[in-house]
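What the coordinates show
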Amino acid sequence: MQLTDGEDLYNTVLHAPIGICILHADSLVAEIVNDKFLEVAGKPYEALFGRYYWDAFAEAQPFYEAALAGVVQTGEAYYADEVEWMLIRHGREEVIFVTFVYAPVKDKSGKISKVAVWVLENTRQVNERRAVTANEERLRALVTATSDVIYSLSADWQVMRQLDGRGFLKDTHEPITEWRAQNVHPDDMEKVNAAINEAIRGKKIFQLEHKVLRADGSPGWTFSRAVPILDVQGGIVEWFGVASDITERKEMEEALREAKERSEQQKRLYETITSGTPDLMYVFGLDYRFTYANSALLSMWGKTDEDAIGKSLLENGYEPWHAEMHEREIDQIKATKRTIRGEVAFPHATLGKRIYDYILTPVFDEHGEVEAVAGITRDITERKQGEESLARSSEELQAINEEMATSNEELVITNDELLQIQQQLEEETSEKQAAIDRLETSEQQVRSIVAAAPFPIGVYTGREMRILMANQAILDVWGKGSEVIGKTYHEVLPELAGQDIYQQLDNVFITGEPFHARNQRVDLMVDGRLQSFYFNYSFTPLHDADGQVYGVMNTAAELTDLVLAKQQVEQSEENLKAMIAQAPVAMCILSGPDHVITVANQLIAELWGKPQADIMNKPVFDALPDARGQGLEEVMKNVYQSGETFYASELPVSLVRHGQPEVVYQNFVYQAYRDGAGLIRGVIAITIDVTEQVLARKTIEQSEAELREIQRRLEAELDTSKQVQRQKDDFIGMASHELKTPLTSLTAIVQVANTKLKQSEDNFLAGAMDKANQQVKRMTTMINGFLNVSRLESGKIHLEKQDFDLELLISDVIEEASLTASAHVIHFVRCAQRPVNADRDKIGSVISNFISNAVKYSPKGKNIKIACTTKDDRVIVSVKDEGMGIKPDDLDKIFDRYYRVETTHTRHIAGFGIGLYLSSEIIERHGGKVWAESESGVGSTFYFSLSLTGTGSD
Ligand code: ADP
């Protein structure tokens, strides 16, 4: 380029569409500067005009001073094409791309008098060109990666083309009306059409959130944005657009809108009780060990409660750096009593690298000291990725727009503006998104914490304590449903009046001081009746932005079961102790493996012969050293270890009682004493002293043995006497038998002699022979009696029954008796003639025996009255005398064999005591009865009765 000095030059410079600055060749002072140059330089006219060039461009001097000087020296122009300059424009550092020339200007003499600096800025072109290549790649990636639909539309929105997987528009020419009918939700069709018409009419960017029908037919939301691309005349060439599925975000916004409706107070409240998300909840002790881990956390570790609780971070699989970090934080919380929030990334066992947001909060004890640290960790990987992807797609959109701008060079300006709008929109969107995220996080956290908290939480606002929030746990405690929200605490729980709680709440509200209660009994109306519950509870004041208390947060831990169980245990233990103290048997409780005497009643102390005070709280074998070595230690140990009850009966135990060694006999029960969990805690010993009984029984046993011996001897004696009796019977039987034969001969001889002598003249001989006959008869009777006894004993007596006239028999017997008993008056009271069936001779001998006794045992001259009566079907024969009679004691014995009444009177009356015995035997064998009535000194009556029907046995 060759220029000439002078006016032409000046005009050229001033009106040039390119930046020009003319410098004096020697001084490099700017002599002419046009507007375009100033625009590119970004500096005011005064900064350049009339000034040394490098003063104005000090920032570029080190790079181009030499080049400019070279132009002056050599006269050769210096060209720079699209070079990068760092320039201070309008006071700001900027990197720009310029194409410039330092061109020498020669005067007429050929001397270089000026240097012309030509400059053209091409920053935008360079950037755009660079972007094109990159964008092609990005676009491809975007279309593949994004779930958004990127499309172009014909100017009239009748034809739509979608981008394909390589980032190129598919020439599908899909009829858009049909597409819309299928994809836009009918509810929003009108709205969409109106917005399209407006965008087309106004040639403005189209953007709309509207409802759609998703591929599966479910309703969703889409955000559509289409940018019109205009030609030079301002006509729409086509539209370029993106549609994003914003269903989730809309749902989120819906939730957000609801949340926003709630008061600012609530938001502050959320912050107050924010302690994280429900995802991973845990509590550390100040020794950095886990005291609680929720199921989400346990499952992440793949551990059970027992495995994880009480373990340190390292033991639960944390990396050393991670464990150290949390331990430092726990220390910090302990020192500052402040919540710590952080973000941490570490690899999850199955999900790979995850990003977590965590909150560690101090847990205060009733003195307000940190006693533990509660933490909640939430997996925010997805959210993070979402944010990143949002940022990326903004970038991509920008890139697309830039690409569009580049490819429509003639529309640079329009597109530039669009780009700005676009950026602005993106900024708004991301701000909104961030706000949503923040609120969503807080909202979610609070909801989750309050709802999922395993302990009751309630939030009450205003001095009237209106229930703002109440989680399921607190509703369960109250026995109420969610209808309590919005009511006052007093309305919901009127039964608390008079239980201090209203006052406590009011104090917290007024003073702003938190209130903590431990192990407090609270009576609540649940299921229609007032029931007692026990809680640890806290009322924490909630402050608003100005520090004013606006409400109270109520947290509680229910202890009812615990307290009741404890009370029950205490009660039952008390009961047991009282029972033992009052027990009528000696009892004690021996606790633990050493069998320490923890409970012992007075009776056992007495039994042991030691003062109660001396034995209490000592191991039993220390308190009773004398009880050692008798096997009791082993027995006691076995009961304590195995739980098997030991019984002992009358066990002799050597004890030193009241200083005296003694053997006591004891009945024992050693039974395991178990706690509520069934674990053996000791042994209950019940001891009954049976020494007295044992000794008494031993005495009794001894005397019993003696008695048995006496009895045995008596029995032996009895045996002997029986034998003697039998020998006597045998002898009598034998003697009688032997006597019988000569007696029979004698009887015959006497009878014959008697008959002969009756006719003789010798009266003496006749009388003597008569007497001899009588004595022989008596003797025969006696011998027959003995023989009969003997026969009876050996069972050889036989009845020879016949029908005979009893009256006649009696008359015969009386007649015979009268021969020998002439001294007595015998009367016979006859009865009606009755035949009986019996052994005539034997019945006759009975009557004969009765009459001979009446004669024998009554004085001479007395009456003997014989009667025969019938009663019912029996005949009764009686023989009454007026003799000595029989004493009652003897009366029931006179029918016994050999029994005779021993008196001075009877001593001289001969007899063997067998007559009545034989009579009773004979009558009884006939089935009849024999008895006697008598009065001593007055007389006796002997009876026998026989059955007239003859039922007697033979
Ligand atoms: P015995 O007359 O031979 O001694 P019994 O058997 O006939 O034997 O009589 C037994 C006892 O009964 C007599 O010893 C007598 O003591 C008493 N006894 C019997 N009959 C009478 C009576 N009629 N009056 C008083 N005592 C009688």
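Relevant structure appears above.
Residues numbered from 1 in each chain as written. Predicted model: local features only at pLDDT ≥ 70, side-chain atom pairs only at ≥ 80, totals over all residues. Heavy atoms only, no water.

Take the overall build of the protein next. Within the protein one finds 29 helices and 33 strands. Across the 954 residues that make up the protein, the buried fraction comes to 42%. Put simply, of all contacts in the protein between residues at least 6 apart along the chain, 51% involve residues at least 24 apart. Total accessible area on the protein stands at roughly 52,400 Å², and carbon and sulfur atoms take up 52% of it. (Helix = DSSP H or I, 4+ residues; strand = E, 2+ residues; numbered from the N terminus. Buried < 20%, exposed > 50% of the residue type's maximum accessible area, 1.4 Å probe, protein only. Contact = heavy atoms within 4.5 Å. Areas by Shrake-Rupley, 256 points an atom, 1.4 Å probe, with all protein chains shown as cover.)

Now for the site of the ligand. Around the ligand sit 21 residues in total, of which Lys856, Tyr857, Asp881, Arg900 and Leu916 are the nearest. Within the contact set of the ligand, an oxygen atom lies 2.9 Å away from a side-chain nitrogen or oxygen of Asn853. Take Phe912: an N or O atom from its main chain is 3.2 Å from an oxygen atom of the ligand. In isolation the ligand offers 520 Å² of accessible surface; the protein chains occlude 97% of this area. Sorting the residues of the shell around the ligand by element identifies α27 (840–856), α29 (915–925) and β33 (939–947) as the ones contributing at least two each. Ranked by residues supplied to the shell around the ligand, first place goes to α27 with four residues. (Near = heavy atom within 4 Å. Polar contact = N/O pair within 3.5 Å; in protein donor to acceptor, adjacent residues only side chain to side chain.)

A separate point is the packing of aromatic side chains. Following the criterion strictly, the structure yields 36 aromatic pairs and no others. A centroid spacing of 6.4 Å and a plane angle of 35° characterise the contact between Phe533 and Phe535, whose relative ring orientation is tilted. Like Phe535, Phe533 is buried. Between Phe668 and Tyr670, the ring centres sit 5.1 Å apart and the planes meet at 15°, which makes this aromatic pair stacked. Each member of the pair, Phe668 together with Tyr670, is buried. Of note, Lys929 hangs over the ring of Trp931, and the distance from its end group to the ring centre comes to 5.7 Å. (Phe/Tyr/Trp six-rings, centres within 6.5 Å; stacked < 30°, edge-to-face > 60°. Lys NZ or Arg CZ within 6 Å of the ring centre and 35° of its normal.)

We now examine the sheet that holds strand β28 (residues 825–829). Judged by pairing direction, the sheet is mixed, and its five strands sit side by side in the order β28-β30-β31-β33-β32 without closing on themselves. Bordering the open sheet on either side are β28 and β32 (929–935), each of which pairs with just one other strand. Strand after strand, the sheet turns through a mean of 15° between neighbouring axes, direction not considered. Sheet topology places strand β30 (residues 863–871) next to strand β31 (residues 874–880); seven bridges connect them, and they run antiparallel. Residue Thr870 lies in a different strand from β31, and its bridge partner there is Val875. Lying over the sheet, helix α26 (residues 806–820) contacts β28, β30 and β31, oriented at roughly 175° with respect to β28. Along the sheet, α27 makes contact with β30, β31, β32 and β33, crossing β33 at roughly 170°. (Pairing = 2+ DSSP bridges. Axes fitted to C-alpha atoms, helices over the stretch in contact; angles between N-to-C directions.)

Counting through the fold element by element, Thr747 comes out in helix α24 (residues 691–758). Relative accessible area serves as the criterion here: at 17%, Thr747 is assigned to the buried category. Polar contacts involving the side chain of Thr747 include one to the main-chain carbonyl oxygen of Leu743, which spans 2.7 Å. Apart from the residues within four sequence positions on either side, Thr747 is in contact with Val776 and Thr780.

Helix-helix packing is characterised by the crossing angle of the two axes and by the distance between the axes. Orientation of α26 relative to α27, taken along the N-to-C sense of each, is 50°, at an axis distance of 10 Å. On the basis of the axis angle, α26 is oblique to α27. The interaxial crossing formed by α26 with α27 has right-handed handedness. Contact residues: α26 offers Leu806, Leu808, Leu809, Ile810, Asp812, Val813, Ile814 and Ala817, while α27 offers Arg840, Ile843, Gly844, Ile847, Ser848 and Ile851. For the contact of α26 with α27, the residue count by class is 10 nonpolar, two polar and two charged. (Parallel < 35°, antiparallel > 145°, perpendicular 65-115°, else oblique. Left-handed = near helix turned anticlockwise from the far one by under 90°. Nonpolar A, V, L, I, M, F, W, Y, C, P; charged D, E, K, R; others polar.)

Where strand β3 (residues 78–89) and strand β4 (residues 92–106) come together, 10 bridges link them in antiparallel fashion. Bridge pairing links Glu84 to Phe97 in β4. The hairpin turn running from β3 into β4, its antiparallel successor, is two residues long, and His90 in that turn takes a positive phi close to 50°. Relative to strand β5 (residues 112–121), β4 is paired through nine bridges, and the arrangement is antiparallel. From the neighbouring strand, Lys106 faces β5, where its bridge partner is Ile112. Linking β4 to β5, which pair antiparallel, is a turn of five residues; within it Gly110 sits at a positive phi near 85°.

The next thing to look at is unusual backbone geometry. Positive phi, normally seen in glycine, also occurs at His595, with a value near 55°. Examined against the element boundaries, His595 turns out to sit in the loop between β22 (586–591) and β23 (596–600). A relative accessible area of 6% means that His595 is categorised as buried.

Residues Met86, Ile88 and Val95 make up a contiguous nonpolar surface patch of roughly 220 Å² in combined accessible area. Here Met86 is to be found in strand β3. Residue classification places Met86 among the partly exposed residues on the basis of a relative accessible area of 33%. (Patch = residues over 30% accessible without salt bridge, like charges linked within 9 Å, V, L, I, M, F, W, Y side chains within 5 Å. Salt bridge = Lys/Arg side-chain N within 4 Å of Asp/Glu carboxyl O.)

In spatial order, the strands read β23-β22-β26-β25-β24; together these five strands make up an open sheet with antiparallel pairing. Looking at strand neighbours, the two that pair on one side only are β23 and β24 (646–657), the edges of this open sheet. Here the average twist between neighbouring strands, direction ignored, is 35°. As paired strands, β24 and strand β25 (residues 660–674) are joined by 10 bridges and run antiparallel to one another. The partner of Leu655 across the bridge, within β25, is Glu662. Together, β22, β24, β25 and β26 (680–689) form the strand contacts of helix α23 (residues 632–642), whose direction differs from that of β26 by roughly 135°.

With that out of the way, let us pick up the nonpolar core. Ranked by size, the top nonpolar core spans 37 residues in total, and within it Leu806, Ile810, Ile843, Ile847, Ile851 and Phe944 carry the most contacts. Those residues in contact with Ile851, other than ones at most four positions away along the chain, are Val813, Ile814, Ala817, Ile866 and Val879. Counting 30 residues, the second largest nonpolar core, distinct from the first, contains Ala41, Leu48, Trp54 and Val98. (Core = buried A, V, L, I, M, F, W, Y, C linked by side-chain atoms within 4.5 Å.)

Secondary-structure assignment places Gly643 in the loop between α23 and β24. For Gly643, a relative accessible area of 18% puts it in the buried group. Each C-alpha atom, one on Gly643 and one on Leu679, is 9.3 Å from the other, the two residues being 36 residues apart in sequence. Setting aside anything within four residues of it in sequence, one finds Gly643 in contact with Asn638, Ala672, Arg674 and Ile680.

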